Each structure stands twice: as C-alpha cells, then as structure tokens.
Amino acid sequence: MARIFGCTKTTFTLANHPYTYLPPGLRNFLTEVGHIAAFAGNFFRHVFYPPFEFRELLHQCYEVGNRSFVLVSLTGFIMGLVLSLQIRPTMIEFGAVSYMPSMIGIAIVREIGPVLTALICAGKIGSGMGAELGSMRVTEQIDAMEVSGTNPFKFLVVTRILATTLMLPLLVLMSDTISLAGSFLVEHFKGEVSFTLYFTEVFNSLAFSDLVPATTKSFFFGFVIALVGCYKGYTSDQGTAGVGRAANTAVVIASILVFLVDFWAVLVADIFYDL
Amino acid sequence: MNTLNDPVATASSAPPVAVGAPLIHIRGVHKSFGDNHVLKGFDMDLFPQENLVIIGKSGSGKSVLIKCLVGLEYPDEGVVEILGKNLLKLSQIELDELRTEVGFLFQGSALYDSMTVRENLQFPLRRHPNRILPEGEETMILRTLESVGLAHTVNMKPSELSGGMKRRIALARTLILQPKIILYDEPTSGLDPITAKEIIQLILRIQAEQQTASIIITHDLDCARVIANRVIILVEGINYAEGTYQQLTSNRDPKVQAFFK
Ligand SMILES: Nc1ncnc2c1ncn2[C@@H]1O[C@H](COP(=O)(O)OP(=O)(O)OP(=O)(O)O)[C@@H](O)[C@H]1O
Ligand SMILES: [Mg+2]
C-alpha cells in the first residue's frame, strides 16, 4: 500500500473514519480509485524531475509501437473495409452513395480510429505492462532496482506511461490511414471511385475540429491504458496468481476508462467546437 | 572446492572479529504486518570484516529484518544505523547513495530477466557513474564476471542460466559497485550441496579479497559452520542467542538445541 506512493516511509490509517462505514464493495472501489489517483499523482511528481531516463523512454516507445503495430494495422484495415461494405447498400438506397468518403472519413477519424486503437492497445500493451511489472514485483526485481539506488518508479513506470501517451496518437494516425485505405478499396472496386477523388472527398469533409479532439483524446487514451497497466503490475502481490490477475484487471479497467474518456472528450469537444 | 572441510580455509576457525565501530547498529527493532508481530525488539551489531550468520525458522522474519537494513521495509520502532547514518532520517538521495555501499543478494536472485547478463551488471554502474573505475565499464563487468567464474555468460539472458549460475550472476551484480557490506538472503537455498559449497567458497573468497563485512541468512547449518564468525539465532522476533558456532552447539537451551539436532 505504502509503495504506491513511491515512498515507503509514509503510512496512514483510516480507522474510525466515516469512510469505514460505507458498504465494502463501494469502499473497495473508492479505495482503488484513490490509489490509482495517487499513482497518477506520483507520475506527475516524478516526470518533471531529473534524472530522466531517456534511453529507457526510447526503448519503451519502440516496444509500444512494435508490439501493437501489426495488430492495429490489421484491425484498422478490416474495419475500414467492413464499414464500407456494410454501409454502402443503405447509402445506395438513399441515393447518397457519393457521400460515402466523407461519412467514412468522419466516422473513422473522429471515433472509430481512436477508440479501436485504444481498445487494441489496452488488450495488448496494458495487459503486457500489468504482467511484466507484476512478475518483476513478485520476483523482487523491483526491489533489486531499489536497493541498487535506482528509483524503480521512474525507470519502469514513468517511462512506460510517457511512451504510451506519446505513441498512441501516432498509432491512431496510422490506423486512420490504413482504415481509409481499406474503405477506399471497397469504393474503388464497387463504385469505381479513383484514389484522387476518394481522398479529395475525405479531406474536404474533414476539418481541423475533427483532428484536434481526436488526437487529444488519443493522448489521454494512451495515458490511462499505461497508467492502469503499470498500477496493476507495480502494486501486484500474492505471487504468480496476482500477476495473472493484474494483467486481466488492467485490460478490463483500461477498456472501461477508454470509453469514459471518450465520452468526456466528446462533451468537451462539443463545447469548444460546437460539433 | 574440496577445501570446505579444511579448517584453515574456513572463517570460523578465525577468532571472532569485533574490532572498530560497528558498520551496522540496530537496537529494539519492531515490525508488524497487521496483527502479525514479526520482529519484537531485535538488537544486532555488525563489525568490520565480520561474517555474521542469522539462523531462524522459516517465516521468523529474517528476510524482513535485512530488508529493514536497506530501506525496503521500515521498522515500526527502533534504531537502524548503517555506516553511522540513521537510515530512518535519510533523504531519498542520501538513501540511494548509502545503498551503493550495501549489497543485497536476494533469495530468488532477482536478475532483470528482460536484460542480458551484461546489461544486468551495467545497470547499477550506469546509475552510479562515480563508481566506474578508470579501467572502464566493460573491463569491470568482465573482471567481476570472471571472479564468479561466469565470464562466458556475458551475452546470455537469465532464462538461459541455471539456478546456481543465476545466484552467482546476482552476486556479481552486487559486487560490481564494491559495497562495504553485503547482505545475503539464503545464498545456498534451492541449490544442490556441491553448488552450495561453491557459492560458500565464493562468498569466503570475496570476503577475504574485498574485506567486506557480511550478514548471511541461512537454513543451511553447514554453510553457517563454515562461514560464520558469529551466529545470531532469531526466535520469536528477538535475537534469542548469540555466539560462535561452537558456543551455540554446546548451548543447553532447548530452543537453541532445536537448530542443531
Ligand atoms: N510485505 C509483507 N506483508 C505482510 N506480511 C509480510 C510481508 N513480508 C513478510 N511478511 C510476513 O512476515 C513474516 C516473516 O517473513 P520473512 O519473509 O521475513 O520470513 P523468513 O524468515 O525470511 O522466512 P524464509 O526462511 O522462509 O525465507 C511472515 O509471516 C510473512 O507472512
Ligand atoms: Mg526469507
């Protein structure tokens, strides 16, 4: 418990606090939320102070990109393809098939690209971090780092969260591009739309107000995915069973948080850009 | 390696060294986990160049005790002084500096398994560049690996090594910062008797060469007999009995005798 705060010296108790009279389920939930918030606070406390682990940050960026690159491309491509195939007949029915590129473009850039990529990364990166840090905790590798005079929070957690936060928008951009390519293939072979026409239509329909919120929320997706994965792994105990549980709950919580962030992002974007 | 039974090669044949100010000085250390009172007023001193063995039953709090010496656990009560500094009052930077003087060999080796052996040894060096000798990082790594007899594993991953090899690499990783004190948490557990003897010889050799002081936690009485200048028996959270190995074997107390039966 005390380790979450990265400072083993602080301990505090909540005996006799009104908080202890809450139903246990709610109490556990609130405790968990509190711990994750403290963990995030600790991240911000460490991220601005030297020593900075640049090498490890680069290494983690590479890991994040490399681990999810193929999966994100594949799912993005199929999503673009399938979306076009499914929507096309309805659009033909309404005589609005010429709107296909703009519609698919907006759907992918605003919503499907970021959320799909985030969910894939929650499954791939979030669980990976949970399992990796969890097993490092259980086999005392994190303690070993600490006794060798290195701050393991900084080396392991800060670099991972930062790397995922920076890499996710890039993955989203890549996924968007590949999805649009998939959708273009459908339009090209079914509707004989040329490459130039298709992408001119797509870019004409997209505005700055589409890209900014989508990219901004991708940063937050990356942050919550790595935050939850690292939190679960870094604080896992109870042996190897705990490692499995850490990986599993990391995915579940990160996926839910992705949707919550998405919801808030839409509300906020609505205020600023009057969608 | 068959020098193990040769009295000249064993440290216990030497008189206990209790000279100079203690490197580690702990008094009245209490530590509980919830209702589980693990340590209940433990006292101990470690003197320069001494090999102090701590024996105790499984779960008696031996690992907790030595974790308190490097700030991995904090005692609820008591005094912990390492190299004259009060561990409980150090800033994070001072603590990290002090930690380079105290090597810790974990019960399960705790090698970083995403890194090669070279990177495992590089890790502490890169973080404490002031500890890199003029001979250079690479030479230091190879020399330290050689001193544990495993120079050929330098490019391997920990998963490719046996348990005994991992233990020795972990020892090399500890040694590379040239600590003044080394804490061994069950260095021979889970190893076959021959490998265990090799590890014991290695510990003795390192102690002789580098003049370090060590605390060795063990279940292995052979190990205790060969290594110890002094033995502390940890029972019920306190230092129940203390003395040389020979003194303790002739101690009539039933709880002490239970260890030597
Ligand atoms: N982080 C912790 N949280 C709760 N209890 C703990 C923790 N660490 C140790 N304990 C408890 O402290 C007691 C002593 O544990 P410790 O690991 O020190 O035993 P040990 O003497 O090293 O045993 P072994 O010889 O098996 O390694 C055990 O009862 C253990 O359950
Ligand atoms: Mg132990």
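### Considerations on the site of ligand 1
Residue and element names in this part refer to chain B. Near ligand 1, the surroundings consist of 15 residues, among which Ser58, Gly59, Lys62, Ser63 and Glu186 are the closest. Within the side chain of Asn36, an N or O atom sits 3.2 Å from an oxygen atom of ligand 1. Interatomic distance of 3.0 Å between a side-chain N/O atom of His219 and an oxygen atom of ligand 1. Protein coverage of the free-state accessible area of ligand 1, which is 630 Å², stands at 63%. Taken together, the residues of the shell around ligand 1 break down into three nonpolar, eight polar and four charged.

### With respect to the coordination of the magnesium ion (ligand 2)
Residue and element names in this part refer to chain B. In this structure, Ser63 (OG) and Gln107 (OE1) serve as the protein donors to the magnesium ion (ligand 2), at separations of 1.9 to 2.6 Å. With Ser63 in helix H1 (residues 62-68) and Gln107 in the loop between strand S6 (102-105) and helix H3 (117-127), this pair connects stretches of sequence that are 44 residues apart. Gln107 gets classed as partly exposed once you look at its relative accessible area, which sits at 31%.

### Here we look at the nonpolar core
All names here are of chain B. Judged by nonpolar contacts, the single largest core of 85 residues is most densely connected at Ile24, Ile26, Met44, Leu69, Ile82, Leu183 and Ile215. Residue-level mapping places this core at the junction of two domains, with at least three residues from each of domain 1 (2-101 + 179-257) and domain 2 (107-178). Residues Val117, Val148, Ile206 and Tyr245 belong to the second largest nonpolar core, which totals 45 residues.

### Description of the pairing of strand S8 (residues 213-217) of chain B
Residues and elements named next belong to chain B. In terms of residue burial, S8 counts as a mostly covered element, since five of its five residues are buried. When strand S3 (residues 51-56) meets S8, the two strands line up parallel, connected through four bridges. Bridge assignment links Asn51 to a residue of S8, and that residue is Ser214. Crossover connection from strand S7 (residues 181-185) via helix H6 (residues 193-210) to parallel S8: handedness right-handed.

### A word on the sheet that holds strand S10 (residues 238-243) of chain B
All names here are of chain B. One open sheet accounts for six strands, arranged S6-S7-S8-S3-S9-S10; its pairing is mixed. A single partner strand is all that each edge strand has here, and the edge strands are S6 and S10. Neighbour to neighbour, the strand axes of the sheet diverge by 20° on average, direction disregarded. As paired strands, S3 and strand S9 (residues 230-235) are joined by five bridges and run parallel to one another. The residue of S9 that forms the bridge with Val53 is Val231.

About the cut-offs
- Sequence positions are assigned chain by chain, starting from 1 and proceeding in written order.
- Both sets of labels track the order of writing: A upward for chains, 1 upward for ligands.
- In keeping with the predicted nature of the model, local features appear solely for residues at pLDDT of at least 70, side-chain atom pairs appear and are counted solely at 80 or more, and the whole-chain, interface and lining totals rest on all residues.
- Excluding hydrogens and water, the side-chain values take into account all heavy atoms of the structure.
- Here a residue is considered near a molecule or strand provided that any single heavy atom belonging to it is located within 4 Å of it.
- Polar contact is defined as a pair of N or O atoms within 3.5 Å, subject to the rule that within protein one atom must be able to donate a hydrogen and the other to accept it, and that residues adjacent in sequence are counted only when both atoms are side-chain atoms.
- Per-residue accessibility takes into account occlusion by the displayed protein chains alone, with areas from the Shrake-Rupley method and a 1.4 Å probe.
- Gly is put with the polar residues, along with every residue not named as nonpolar or charged; the nonpolar set is Ala, Val, Leu, Ile, Met, Phe, Trp, Tyr, Cys and Pro, and the charged set is Asp, Glu, Lys and Arg.
- For Na, K and Ca the donor cut-off is 3.2 Å, and for all other metals it is 2.8 Å, counting N, O and S atoms only; because water is absent from this set, sites may look incomplete.
- Strands here mean DSSP runs of E at least two residues long; helices mean DSSP runs of H or I at least four residues long; both are numbered from the N terminus.
- Three labels apply to residues, based on accessible area from a 1.4 Å probe with only protein chains included: buried if under 20% of the type maximum, exposed if over 50%, partly exposed otherwise in between.
- Buried Ala, Val, Leu, Ile, Met, Phe, Trp, Tyr and Cys residues form a nonpolar core when they are joined through side-chain atoms within 4.5 Å.
- How far each domain reaches was decided by an automatic or database domain assignment.
- Whether two strands pair comes down to DSSP finding at least two bridges between them.
- Call a crossover right-handed when, viewed with both strands pointing away from you, the route from the first strand across the helix to the second goes clockwise.
- Fitted lines through C-alpha atoms serve as axes, helices being fitted only where they are in contact, and the angles separating the N-to-C directions of these axes extend from 0 to 180 degrees.

On their own, these measurements won't tell you what the molecule is for.
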